[in-house]
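One letter stands for each residue in the lines below.
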Amino acid sequence: GDTRKAERSFRGILGDHPGQLAAQTGLGYAQMKAGRVELAGQAFAAALERHPEYVPALVGAATTAQRQGRPEPALVFLRKAQALAPGNLALRRQVAEVRLQLTERRVAAAAEAAAAGDTDRAIDTYRIALDDAPEVAGVRLALAGLLWERGDTAGSLAVLAADPGGDRNLLLKLGES
């Protein structure tokens, strides 16, 4: 549709009813659709200042953060929205997508640190990835491997044993120890 017309309409409503939550959020979505992501973020932030549990504004703020390449705050907004609307399947999918994006980014950073010989940073980054996505066996194996190479046998075994899904490969690795 016509985003400029929508923006004018929402601004008109806000002029007559300052702080009107749906209009503030609608303005954010119109601005985002028009490619004005920073302004959209400001609109969602203003809505969330008045009502921090307004799910449409939380989702808008998350989408804005994603478009700005900031998956960490996007995930925070989405998790809060999901807690308020636990049956929302679209939210569940969006949370999963952002978690995947964030996990991939962290795994790449950890692998890069390991390749550069910065084992401490690699371990720390794998731990963060694992905290956020404990079900990802590859992250668990990589972290356990680095700990093992460092001589931290107990730490390595603890990482493997803490697998919430009982992954067969992890159990086999644990059995080899």
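Look above for the structure.
Each value, and the rule that gives it
- Starting from 1, residues in each chain are numbered consecutively following that chain's sequence as written.
- Only residues with pLDDT of at least 70 are given local features in this predicted model, and only at 80 or more are side-chain atom pairs given and counted; all residues enter the totals for whole chains, interfaces and linings.
- Derived side-chain values reflect all non-hydrogen atoms in the structure, with water molecules and hydrogen atoms excluded from consideration.
- A pair of aromatic rings is counted whenever rings of Phe, Tyr or Trp (Trp by its six-membered ring) have centres within 6.5 Å, and the orientation is called stacked for planes under 30 degrees apart, edge-to-face for over 60 and tilted otherwise.
- Think of it this way: any DSSP run of H or I at least four residues long counts as a helix, any run of E at least two long counts as a strand, and we number them from the N terminus.
- In this scheme, a residue with accessible area under 20% of its type's maximum is buried, one over 50% is exposed, and one in between is partly exposed, where area comes from a 1.4 Å probe on protein chains only.
- Working convention: axes come from line fits to C-alpha atoms, limited for helices to the stretch in contact. Angles between N-to-C directions cover 0 to 180 degrees.
- Angles below 35 degrees are treated as roughly parallel, those above 145 as roughly antiparallel, those between 65 and 115 as roughly perpendicular, and all remaining angles as oblique.
- What makes a crossing left-handed is the near helix being turned counterclockwise from the far one by less than a right angle; a clockwise turn instead makes it right-handed.
- Throughout, a residue-residue contact means that at least one pair of heavy atoms, one from each residue, lies within 4.5 Å.
- In this classification, the charged set is Asp, Glu, Lys and Arg, the nonpolar set is Ala, Val, Leu, Ile, Met, Phe, Trp, Tyr, Cys and Pro, and all remaining amino acids, among them Gly, are polar.
- Within this document, salt bridges are pairs made up of a side-chain nitrogen of Lys or Arg and a carboxyl oxygen of Asp or Glu, the two lying within 4 Å of each other.

**Q** I would appreciate a short explanation of the packing of aromatic side chains in the present structure.
**A** Here a ring pair, both rings aromatic, is described through the centre-centre distance and the interplanar angle of the planes. This structure, assessed with the given rule, holds one aromatic pair. Judged by centre distance (4.9 Å) and plane angle (70°), the ring pair of Tyr29 and Phe44 falls under edge-to-face. Linking Tyr29 in helix H2 (residues 21-33) with Phe44 in helix H3 (residues 37-50), this pair joins segments that are 15 residues apart in sequence. What makes Tyr29 partly exposed here is its relative accessible area of 33%.

**Q** Teacher, can you tell me more about the packing of H2 against helix H4 (residues 55-67) here?
**A** Two quantities define a packed helix pair, namely the angle between the axes and the distance from one axis to the other. Remark: H2 packs on H4, axes separated minimally by 10 Å, with the N-to-C direction vectors making an angle of 25°. In terms of their interaxial angle, H2 and H4 are classed as roughly parallel. When the axes of H2 and H4 are compared, the crossing they make is left-handed. Residues Thr25, Tyr29 and Met32 of H2 pack against Pro56, Ala57, Val59, Gly60, Thr63, Thr64 and Arg67 of H4. Residues that form the contact of H2 with H4 fall into these classes: five nonpolar, four polar and one charged.

**Q** It is not clear to me how the pattern of salt bridges should be interpreted in this structure. Could you clarify?
**A** Where charged atoms of side chains with opposite charge meet at close range, the side chains can pair. If you walk through the whole model with that rule in mind, you get eight salt bridges. The residue Arg106 makes a salt bridge to Asp132 at a minimum N-O spacing of 3.7 Å. Taken as a pair, Arg106 in helix H6 (residues 89-115) and Asp132 in helix H7 (residues 119-132) lie far apart in primary sequence, 26 residues in all. Grouping residues by exposure puts Arg106 and Asp132 together as buried. Asp120 is the partner of Arg150 in a salt bridge, and the nearest nitrogen-oxygen pair spans 1.9 Å. Of this pair, Arg150 sits in helix H8 (residues 137-150) while Asp120 is found in helix H7, placing the two residues 30 residues apart along the sequence. With relative accessibility at 44%, the residue Arg150 sits in the partly exposed group. Each member of the salt-bridge network shares a partner with another, and the members are Glu7, Arg11 and Arg36.

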